[in-house]
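Understanding the architecture of this molecule
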Amino acid sequence: MNTANLQLEGLYLAIASINDVLVKKGILSVEEIDKALRRAEANATADDHIIDDMSPANRDAVCFPIRLLQLANGGSLSTGDLPSFSELARMVAQTKEPYNDQM
C-alpha cells in the first residue's frame, strides 16, 4: 500500500478522535459536527471542476474522507469506541449511492 494512503488513514482517524473528544467535552455536539461535515461535502461537490471534469468515482474519492468522518461521528456514540478505519471505509462503501451518470 502507498505510504501516503496510510498517512491519510491515520489523519482521518485522528480527526475522528478529536471530533469525539470535542463532543465528550461538550464543546461541540454530534449535530454540529454533522452539519459542518455536510456543509463541507456540499461545498466540495458544488465546485464546478468536480461536477464537470471528474468521473463519479473521482467525486466519491473527494467525498470519501468527509463521509468517513460523518460515520465516525455517528458511530462513536452507539458503541463508545471509534470504529476502525476498515470498518468505517466499509460503511462508506455500503452507504454510497449508485452513480446517476456513467462515463
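A brief report on the enclosed structure follows. (Residues numbered from 1 in each chain as written. Predicted model: local features only at pLDDT ≥ 70, side-chain atom pairs only at ≥ 80, totals over all residues. Heavy atoms only, no water.)

Another point: the overall build of the protein. For the protein, the helix and strand inventory stands at 5 helices and 0 strands. Along the protein, helices and strands appear, N-terminal first, in the series α-α-α-α-α. Relative to its full complement of 103 residues, the protein shows a buried share of 28%. When contacts within the protein are restricted to residue pairs at least 6 apart in sequence, those whose partners lie at least 24 apart make up 60%. Put simply, the protein shows about 6800 Å² of open surface, and 56% of that area lies on carbon and sulfur atoms. (Helix = DSSP H or I, 4+ residues; strand = E, 2+ residues; numbered from the N terminus. Buried < 20%, exposed > 50% of the residue type's maximum accessible area, 1.4 Å probe, protein only. Contact = heavy atoms within 4.5 Å. Areas by Shrake-Rupley, 256 points an atom, 1.4 Å probe, with all protein chains shown as cover.)

Right, let's talk about the nonpolar core for a bit. Among the nonpolar cores identified, the biggest contains 14 residues, and L37, L68 and L69 are the most heavily contacted of them. When residues of this core are traced back to their parent elements, those giving at least two are α1 (3–24), α2 (30–46), α4 (56–79) and α5 (85–95). (Core = buried A, V, L, I, M, F, W, Y, C linked by side-chain atoms within 4.5 Å.)

Spatial relationships are all this shows, so hold off on functional conclusions.
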